[in-house]
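# Structural overview for review
The residues making up each chain are set out below.
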2 protein chains.
Amino acid sequence: MASPVLPSSGVLSPLGLDAVRLAPGFWGDRATLNREVIIAHCQEWMEKEGWIGNFRGERPRRGREFSDSEIYKMLEAMAWADHPGLAELADTVAAAQEEDGYLNTRWSGDRYTDFEWGHELYCYGHLIQAGVARLRMHGEDRLTDVVRRAADHICGRFMDTTETCGHPVVEMALVELYRATGTERYLEMAQRFVERRGLPALGDITFGRAYFQDDLPVRRAEVFRGHAVRAVYLASGAVDVAVETGDTELLKAIEAQWERTIARRVHLTGGLGSRHSDEAFGDDYELPPDRAYAETCAGIGSIMLAHRLLLATGDVRYADLAERTMYNVLATSPALDGRSFFYSNPLQVRVPAAPPEGVNLGSSGGLRSPWFSVSCCPNNIARTLASLPAYVATSDAAGVQIHHYGTGEIRHGGLVLDVETRYPWSGEVTVRVVEGGDGRISLRVPPWATGATITHRAPGESATATGPGGDARVSREVEPGYAVVEGAWRTGDEIRLDLPMASRWTLPDRRIDALRGSAAVERGPLVYCAESVAGEPSLADVSVRPSTGHAGHAGHTERVVDGVVEIDVEVMLTEQGSDAWPYGSPRGAAPEPAVADVDADPQDGTAAAGTAKAVLRLVPYHRWGNRGPAAMRVWLPVSD
Amino acid sequence: MASPVLPSSGVLSPLGLDAVRLAPGFWGDRATLNREVIIAHCQEWMEKEGWIGNFRGERPRRGREFSDSEIYKMLEAMAWADHPGLAELADTVAAAQEEDGYLNTRWSGDRYTDFEWGHELYCYGHLIQAGVARLRMHGEDRLTDVVRRAADHICGRFMDTTETCGHPVVEMALVELYRATGTERYLEMAQRFVERRGLPALGDITFGRAYFQDDLPVRRAEVFRGHAVRAVYLASGAVDVAVETGDTELLKAIEAQWERTIARRVHLTGGLGSRHSDEAFGDDYELPPDRAYAETCAGIGSIMLAHRLLLATGDVRYADLAERTMYNVLATSPALDGRSFFYSNPLQVRVPAAPPEGVNLGSSGGLRSPWFSVSCCPNNIARTLASLPAYVATSDAAGVQIHHYGTGEIRHGGLVLDVETRYPWSGEVTVRVVEGGDGRISLRVPPWATGATITHRAPGESATATGPGGDARVSREVEPGYAVVEGAWRTGDEIRLDLPMASRWTLPDRRIDALRGSAAVERGPLVYCAESVAGEPSLADVSVRPSTGHAGHAGHTERVVDGVVEIDVEVMLTEQGSDAWPYGSPRGAAPEPAVADVDADPQDGTAAAGTAKAVLRLVPYHRWGNRGPAAMRVWLPVSD
């Protein structure tokens, strides 16, 4: 089957690219953009920057020490997308492989001298993932041969050492290669890499060992920590090892770490990471909107991890988080034209700013950049969009589960289902039976969709007794989780899921200091934001009253602009204070609560002079930054 | 005169170490600790780490590319402190100087090949400042000879180029050397370094050119930006150049930049810098308490800059900020025993944590570190504490101004004043005339000291008509600014300033997102904080009601513990919520304001079950972290 993850056991089994097809729609359009624009964009830039030339032996070598991995991520994207350019690029890569299987354009004679920063095993990991994709989509070829030789080299070199790589990924890659080939020592090697980390296996670095999760053995940790991409890649590998070896303790440990992380260390968008200095999770409840790092690749890694945990456990919460991250991180990074990307995905930008010209040497900028000196994100986007159908649906002995909604087709057993929806703009999802069969159909009801209903043929009716249109139909309210419909399905049967899509106010847990006194707007799986393009009030001046917007959503007006739902909210406008010392005493000695009532910035109830009402347009967060430099904020201050 | 800054013109003239003496007391004790412990501590570590050995030609060279500058900062401290070890260390340094005056243990044949990161001119800057200190405290010797040769080398090499250094400091150093020697080309060189920056003069770097203030010419900028230490060092040099060349436009530009910075980019402590990744100012109002960088050296640079601006303009606001920064940054960094230091001075620490063992490779840790791989802060503390008397008082044609209060002696003209005070614990400051004379005495009244009074001999009385104790005395309220007393002073005359010292609530400007809905406690010049040592409630659970604490300071109880004023405040305790998704909808559809009322964390007014009252002990911020690992917070959440 054509899927990036094919566990040999677990509560749910994935349906791969051969079983799920995405037609035009939110994700289908992005998959097309990926095939037609993003992959070519990545290839052009990696030629221009010399990263592909490195494999041809062009010198001086160009790019960072891990640039080989970017070519491999793109090769993986090409494999999933059946891209015609793959073979030639695979030949280029193959030519650089050494006799003993070693393959790296940065290191050679000095191989394996810097495990902390060398990224050699990290590069192999991505190479192997590309090879697995090729094997599953196409079968053996030169690329898969390169990959096997590299994997054999790794096992030979590292099976009996205590070494590992500063950046995890080789773990999950080796497990998947085991799954794809049946070669057991790949699993053994992966297991050893997972187990030896944290003993510790690496040297000390400026950021501390938690940076690469070498502070504690994986199974002893309580929360994800350190570099966010490293953390979720490692956890993904640990889940894979746990599933294949039947290591329940390890699986439970990752589940517990995930649960604590999601409660304390995740941004509203699903973005992970709060520190720029080391691209890391911060402490519990350290979730600044302006300095949210929320690296695109950490979001992708989180989707990968959630998918693995969903397969292993069947717990809907993993699909819920994956959806949130797909719509608000994965969909946010690429520009609408597919030619520039966000590396970091903050929830607030105060100063409208374009990124530096040319290659972005950092991750900064309030606009997307065409390329980065560390360009993991565009290639990671490419391979994820190319394999996205594999995340949509799963199966078990009883039937099929649909976790993510998009117009397209799902096949399982003899059953062929057509899905039609304008999700996430509309909450109406229609599943039409094209070819019938027996089995349970489960549709995920997201946690925000209270009052959802499902409508289908009455279960008492025989599958063949009445024709389409003549059925007795039942409609019932369904709780968040999975709406389950049993049936002997026949062609023409329809199941309709209605997810309530009215916009809603969202408030933060009081322990999140950086969000105190602010509120956000969500609608369906989408987080919304205000963007300071021409005509909008200055974002420094607005505040909201979420209480007025709650009951019946008073104060919210939805409008559809080019197929996108935008939301107008009523806001207060407060005049800017003066430029004085910005800390002051509460005004007056009376015992009224005078919290926002600072000397430097008078705005108490009596002085309503400085406050006026206005309307603020909110757009889906994933759309922001497509109209030029702008200020932006997801969390809006609450008026007193 | 023995002062680090001796401008040839300006509204106020400094009184140096020969005119101001600090006796035991808040700062006098720290000066003693510096002389007896801190300087020796720095010297021991720099021997141990090999940074001094580098000058002896020991190889391999050890330490970062700028480690020479640390020896120079310590030499400056030794010069101000008349330390007996100076001569030997100066000889060691002198031996490493090349024929043409070049001096750097990191670079030599490859000199001046990396202006962005090489730090060669930065090192010279600190060398020159040490030389100026030596010249003014002692006169010419081998160190001052080394310094002149180095300065001549710089002028020869750089007068007619477009180059400058990635880290400013040489600008103010050269101006001061001009002031100390009269050699005009040092001033000319400093002026050129100031003017050529931002044209631009340096290459592009990952952080962007604003990092080293090379994005704009100094006089065209509107606010301090980029690396905070670099920004305030450059501004200090620009003020020095402006003052010596009569460049009013340049001086006004720095004043405007300071004003905007202080209104938008300064932490309550006076600390500067909000970003760890590049040790930089963030955007306006980006002032996170937990990730406040507030580097010790940026605070020191801010004191240096404020002192220069005070001398140039006489504006009390510069002394006000200097005081805030002295008590809450300069006094915070060194441990009470003088053997460990904070590099970064955040306003909140969530997780009690010790720094890494041994040399701190970063700036992290909720406890002070004995040494850092970048150890600017301890040496900067040393040279600042050694020269602190020079910041205390100034003079003009009319008399003397006392800006900072500490027990000690001040001499100006024939006048000798004894100052006696327990400031900052008490607001009572007594200035006693030991040797009489004519002249105006001005005492700074800080902005928080509303209701301050000054008491002194009635101005109508003849200075010799009545004896001490028999005078008619007047007492009057004085506004923040300077309380001015004119007189013909005689021995035994007394002026008493009473600054109200009751603790007060402080609220942030509403534009500071990270502090919304929180309040701090200050008392006099001191910022207070809660520290989670044994017995205190968990800082994650507390909230305050600043309104109840305002009128008559209800709810605050002061107590003196070992001479330190601690403050008890009444707080609410809220039970921890569960570990669920930390974002939720407002509870209930009713239109009441339900802001902190999140599903995941029920705590609305009706459910007061989870809330209890308790007492929280606050300690001066500068004292925190002396009792072992602890959580800490300056800003306390306000209860709904």
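Given the structure is predicted, the values throughout are model-derived calculations rather than measurements.

Rules used in this analysis
Position numbers for residues count from 1 along each chain, tracking the sequence in the order it is written. Just so you know, chain letters begin at A and ligand numbers begin at 1, following the order they were written in. In keeping with the predicted nature of the model, local features appear solely for residues at pLDDT of at least 70, side-chain atom pairs appear and are counted solely at 80 or more, and the whole-chain, interface and lining totals rest on all residues. Only hydrogens and water are set aside; all other atoms, that is, all heavy atoms of the structure, feed into the side-chain values. Elements are defined by DSSP. Helices are runs of H or I of four residues or more, strands are runs of E of two residues or more, and each kind is numbered from the N terminus. Throughout, a contact is declared for two residues whenever any of their heavy atoms are within 4.5 Å. One less than the number of residues in a helix, times 1.5 Å, gives the span that helix is expected to have. Each residue is assigned a bend, namely the angle between axes fitted to the seven residues that terminate at it and the seven residues that start at it. Residues below a pLDDT of 70 in either copy are left out; the C-alpha atoms of the rest, at least 70 in both, set the least-squares superposition of the copies. A pair of aromatic rings is counted whenever rings of Phe, Tyr or Trp (Trp by its six-membered ring) have centres within 6.5 Å, and the orientation is called stacked for planes under 30 degrees apart, edge-to-face for over 60 and tilted otherwise. Each residue is placed in one exposure class: buried if its accessible area under a 1.4 Å probe, protein chains only, is under 20% of its type's maximum, exposed if it is over 50%, and partly exposed if it falls in between. Charge-over-ring contacts are defined here by two conditions on Lys NZ or Arg CZ: a distance within 6 Å of the ring centre and an angle within 35 degrees of the ring normal. When two parts are put together, the accessible area they lose, computed with a 1.4 Å probe and summed over both, is reported as buried area. Put simply, a salt bridge is a Lys or Arg side-chain nitrogen that is within 4 Å of an Asp or Glu carboxyl oxygen. In this classification, the charged set is Asp, Glu, Lys and Arg, the nonpolar set is Ala, Val, Leu, Ile, Met, Phe, Trp, Tyr, Cys and Pro, and all remaining amino acids, among them Gly, are polar.

Let's shift gears to the side chain of Glu566 of chain A. Along the polypeptide, Glu566 of chain A turns up in strand β21 (residues 564-574). Not counting residues within four places of it along the chain, the set of residues in contact with Glu566 of chain A comprises Tyr528, Thr557, Glu558, Arg559, Val561, Arg617, Leu618 and Val619 of chain A.

In this model, helix α1 (residues 26-48) of chain A (23 residues) spans 31 Å end to end at C-alpha, consistent with the 33 Å of a helix rising 1.5 Å per residue. Residue Asn34 of chain A marks the point of greatest curvature in α1 of chain A, where the axis turns by about 50 degrees.

Tracing the chain through its elements places Glu36 of chain A in helix α1. Separated by 201 residues in the primary sequence, Glu36 of chain A and Gly237 of chain A place their C-alpha atoms 31 Å from one another.

Relative to chain B, chain A is turned by 180 degrees and slid 0.0 Å along the rotation axis, the superposed coordinates differing by an RMSD of 0.0 Å. The relationship between the two copies is best expressed as a two-fold rotation axis. Closest approach to the rotation axis within chain A is made by the C-alpha atom of Ser277 of chain A, at a distance of 2.0 Å. A shared binding surface is used by both copies, with 100% of the interface residues of chain A retained as interface residues in chain B.

It is worth spelling out the packing of aromatic side chains at this point. Counted under the stated rule, the structure contains 50 aromatic pairs over all chains. Ring plane angle 75 degrees and centroid distance 5.0 Å describe the contact between Phe26 of chain A and Trp27 of chain A, whose orientation is recorded as edge-to-face. Exposure remark for Phe26 of chain A: the relative accessible area of 10% places this residue in the buried category. Taking relative accessible area as the criterion, Trp27 of chain A reaches 5% and is therefore assigned buried. Ring geometry for Tyr583 of chain A versus Trp635 of chain B: centroids 5.6 Å apart, planes at 35 degrees, classification tilted. Of the two residues, Tyr583 of chain A is situated in strand β22 (residues 583-584) and Trp635 of chain B in the loop between β24 (632-633) and β25 (636-637); the pairing between them involves two chains. The buried category is assigned to Tyr583 of chain A, whose relative accessible area is 6%. Assessed through its relative accessible area of 3%, Trp635 of chain B is described here as buried. Grouped by ring-pair contacts, the aromatic residues Phe26, Trp27, Tyr327, Tyr405, Tyr423 and Trp425 of chain A constitute a single cluster. The ring of Tyr318 of chain B has Arg317 of chain B sitting right over it, with the charged end atom 5.9 Å from the ring centre.

Before going further, it helps to spend a moment on the interface of chain A and chain B. Every contact between the two is made by 73 residues of chain A and, on the other side, 73 residues of chain B. Three residues, Arg510, Trp581 and Tyr583 of chain A, lead the burial of chain A against chain B; their summed loss comes to 14% of the area buried on that side. The salt bridge involving Asp513 of chain A is made with Arg633 of chain B; its shortest N-O contact spans 2.7 Å. For the side of chain A that touches chain B, the secondary-structure elements that each account for two or more residues are α9 (248-264), α11 (316-330), β16 (504-508) and β22 of chain A. Among the elements that line the side of chain A that touches chain B, the one with the most residues is α9 of chain A, at 5 residues. Class assignment of the residues belonging to the side of chain A that touches chain B gives a composition of 32 nonpolar, 18 polar and 23 charged.

By themselves these figures say nothing about function.
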